[in-house]
Amino acid sequence: MNASDHAEKTTDVQQEKPAPAGAVTGREQRPSNTGSTKADSASRMSLQEAIAYLETQIARVEEMQQKHIARLERIIEVSRILNSNLNLQALLEDIISIATELTNTEASSILLVDKKTGELHFEAATGVKKHEVATEVVPPHSVAGWVVRENTPLVIDDVSQDPRWSRKIDDATGFTTRSILGVPLRVKDRVIGVLEVLNKINDEPFTEDDVQTLCVLADQAAVAIENARLFQQSDLISEVVHELRTPLTSIRGYSQLLLSDIKPELKRQFAETINREAIRLGQLVNDFLELARLESGRAHIAQDPVDLRQVIEEAVSIIRPQAAERDITVNVDLPEDIPTVIGDAARLKQVLLNLASNAVKYNKDGGRVDVSLTVDKDRVTIAVKDTGRGIAPEDLPHVFEKFYRVVDSEQEAVGTGLGLSIAKQIVESHGGEIWVKSEVGVGSTFAFTLPVAQKTKPGQR
Ligand code: ADP
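## Notes on the environment of Thr173
In step 1: Topologically, Thr173 is positioned in helix α7 (residues 168-173).
In step 2: Here Thr173 falls in the partly exposed class, since its relative accessible area comes to 31%.
In step 3: As for Thr173 and Ala125, which are separated by 48 residues in sequence, their C-alpha atoms are 9.7 Å apart.

## Some details on the sheet that holds strand β5 (residues 180-187)
In step 1: Here we have six strands laid out as an open sheet, ordered β3-β2-β1-β6-β5-β4, and antiparallel in their pairing. Each end of this open sheet is capped by a strand with a single partner; those strands are β3 (137-138) and β4 (154-156).
In step 2: Here β4 runs beside β5; their pairing, made up of three bridges, is antiparallel. Bridging across to β5, Val155 finds its partner in Leu181.
In step 3: Running over the sheet, helix α4 (residues 88-103) touches β1 (105-113), β2 (120-125) and β6 (190-200) and is turned about 140° from β1.

## Looking at the nonpolar core
Side chains that are nonpolar tend, in soluble globular proteins, to be buried together.
In step 1: Leu308, Leu352 and Phe448 are the most contacted members of the largest nonpolar core, which totals 52 residues.
In step 2: In this view, Phe448 contacts Val351, Leu352, Leu355, Val380, Thr381, Ile382, Val427, Glu433, Ile434 and Trp435; residues no more than four positions away in its chain are not counted.
In step 3: Core analysis: the second largest hydrophobic core is formed by 31 residues, Leu181, Val183, Leu195 and Ala221 among them.

## Thoughts on the environment of Glu401
In step 1: Turning to its location among the elements, Glu401 is positioned in the loop between β11 (379-386) and α13 (409-412).
In step 2: By relative accessible area, Glu401 is classed as partly exposed at 38%.
In step 3: In the structure, Glu401 is positioned 19 residues away from Leu420 in sequence and 7.5 Å away in space, judged by C-alpha atoms.
In step 4: Setting aside chain neighbours within four positions, we find Glu401 in contact with Gly417 and Ser421.

## Quick notes on the packing of aromatic side chains
In step 1: Overall, the coordinates contain two aromatic pairs when judged by the stated rule.
In step 2: Consider the rings of Phe400 and Phe446, whose centres lie 6.0 Å apart with planes at 75°: the pair is edge-to-face. Of this pair, Phe400 sits in the loop between β11 and α13 while Phe446 sits in strand β13 (residues 443-451), and the two are 46 residues apart along the sequence. Comparing Phe400 with Phe446, the two get one shared label, buried.
In step 3: Above the ring of Trp146, the side-chain terminus of Arg164 is found at 5.1 Å from the ring centroid.

## A look at the packing of helix α11 (residues 308-325) against helix α12 (residues 345-361)
In step 1: For the pair α11 and α12, interaxial distance at closest approach is 9 Å and the crossing angle is 35°. Judged by the twist between their axes, the crossing of α11 over α12 is right-handed. Facing α11, whose interface residues are Leu308, Val311, Ile312, Glu314, Ala315, Ile318, Ile319, Gln322 and Ala323, α12 presents Ala345, Leu348, Lys349, Leu352, Leu353, Ala356, Ser357 and Val360.
In step 2: By residue class, the composition of the contact of α11 with α12 is 13 nonpolar, two polar and two charged.

## A closer look at the sheet that holds β13
In step 1: Strand order in the open sheet formed by five strands is β8-β10-β11-β13-β12, with mixed pairing between adjacent strands. The open sheet has two edge strands, β8 (329-333) and β12 (434-439), and neither has a second partner. Direction aside, the axes of adjacent strands within the sheet are offset by 15° on average.
In step 2: Across the face of the sheet, α12 comes into contact with β10 (368-376), β11, β12 and β13 while running at roughly 25° to β11.

## Topic: α12
In step 1: Across its 17 residues, α12 extends 24 Å between first and last C-alpha, which sits within 8% of the 24 Å expected from 1.5 Å per residue.
In step 2: Among the 17 residues that make up α12, 12 are buried, leaving the element largely enclosed by the rest of the structure.
In step 3: The complete set of buried residues in α12 reads Arg347, Leu348, Val351, Leu352, Leu353, Asn354, Leu355, Ala356, Ser357, Asn358, Ala359 and Val360.

## Describing unusual backbone geometry
Most peptide bonds take the trans configuration, and most residues that are not glycine carry a negative phi.
In step 1: Here Asp203, not a glycine, exhibits a phi torsion of approximately 55°, which is positive.
In step 2: Checked against the element boundaries, Asp203 lands in the loop between β6 and α8 (208-232).
In step 3: On the accessibility criterion, Asp203 (47% relative accessible area) is partly exposed.

What counts and what doesn't
Residues numbered from 1 in each chain as written. Predicted model: local features only at pLDDT ≥ 70, side-chain atom pairs only at ≥ 80, totals over all residues. Heavy atoms only, no water. Helix = DSSP H or I, 4+ residues; strand = E, 2+ residues; numbered from the N terminus. Buried < 20%, exposed > 50% of the residue type's maximum accessible area, 1.4 Å probe, protein only. Pairing = 2+ DSSP bridges. Contact = heavy atoms within 4.5 Å. Axes fitted to C-alpha atoms, helices over the stretch in contact; angles between N-to-C directions. Core = buried A, V, L, I, M, F, W, Y, C linked by side-chain atoms within 4.5 Å. Phe/Tyr/Trp six-rings, centres within 6.5 Å; stacked < 30°, edge-to-face > 60°. Lys NZ or Arg CZ within 6 Å of the ring centre and 35° of its normal. Left-handed = near helix turned anticlockwise from the far one by under 90°. Nonpolar A, V, L, I, M, F, W, Y, C, P; charged D, E, K, R; others polar. Expected span 1.5 Å × (residues − 1).

Below is the structure:
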């Protein structure tokens with residue numbers, strides 16, 4: 001992001017429209033004047049007064065620092081939200097709602113430049129359906145056209161006095177615009193559109209802080225919009241790059257925070273976040289490579305006799321500590337005789353591990369996981385049943401897709417969204433099938449089959 005760049009650009013705005021901009025900067029300058037006057041009088045204070053004064057000053061600085069950190073954290077969070085949304089329309093809706101929240105305004109809209117024609121169109125606006133705004137071309141002499149052409153933020157505190165303003169959209173939507181702040185959406189130096197916010201709540205003028213905040217948001221938003229557009233004509237590569245970007249954004253943001261002047265206890269917390277995201281990044285890369293190998297048929301799948309009892313027990317022993325931490329009982333039910341299957345023990349263990357760790361991750365505290373194996377003529381069926389929150393019918397057909405994560409999984413449990421795709425590939429490469437049954441609020445059962453090795457005649461392996 002290039003906030004300083006934007007800050008300079010904002011000065012251009014001030015020169016262009018002296019009245020509102022003067023109000024903006026005037027407000028910013030006042031505290032430092034007041035501060036120096038107080039500092040002078042501090043020398044004439046009694047010791048007690050001076051201490052009290054210093055204490056309030058320290059408290060003020062701490063409060064400002066906390067607000068600053070809170071804002072930086074919110075911006076990292078926002079960039080995470082934006083980066084993780086690849087559906088263009090949903091992303092635009094997210095951006096306008098975050099823009100109004102951050103600038104305390106009534107409404108927001110996004111206009112994008114059509115790459116082929118260079119024309120500007122409304123793509124999203126608060127409370128308006130896409131088809132209601134997207135039809136008309138927005139002319140170059142409009143407010144948004146000016147922002148695109150000049151590549152500069154623009155503040156208009158009273159639109160009725162500005163010739164660039166047109167009431168056409170207001171007439172179509174029934175909204176009454178009084179003031180506007182518009183900033184360019186830029187990818188590198190290319191302007192791809194405009195982000196506008198309308199009407200400060202209580203009709204206050206826009207501040208310097210609003211301009212800067214919206215510029216920072218616009219920088220993040222523009223990159224996310226480009227990604228989402230790329231993804232629309234997408235291939236696997238953009239999918240992977242996108243997935244890698246989310247933890248990377250986090251690592252970058254939190255490491256920047258670490259480098260700033262912050263309290264030791266926050267340092268530890270941020271370092272832990274960085275560490276967690278770095279581990280996730282490593283896991284994503286490994287999982288993705290494994291999936292790419294399996295999908296392309298380049299993976300070497302061993303063809304050895306596999307002791308399924310051992311495979312199941314090893315996998316279960318890995319997840320037991322996680323389960324114990326949340327008071328989840330793990331029960332394993334295996335028959336005496338388990339037929340041998342032919343395959344890759346390490347990969348089958350991976351399948352079990354994915355299913356069992358999901359059964360714990362998405363379970364409720366104090367819940368239960370049942371791992372069972374049943375033998376049925378020429379195949380065995382292994383099932384992992386949990387008492388978790390279950391999966392909604394609309395999500396169920398998608399859970400084996402790459403990177404598919406049910407909304408909310410993101411907050412609740414770490415994961416890559418690749419575990420089940422890998423499990424499916426491995427099971428199918430062994431000639432088996434995998435499926436899931438689930439009931440919301442009751443739990444899920446993931447099960448898979450494996451063909452039993454044909455009985456061999458004496459002398460054959
Ligand atoms: P992840 O790394 O997100 O766990 P998976 O491919 O293993 O990825 O699972 C995909 C999604 O399916 C998960 O994000 C979660 O939403 C859902 N899911 C998987 N297993 C379960 C389960 N046992 N109970 C509820 N939801 C599950």
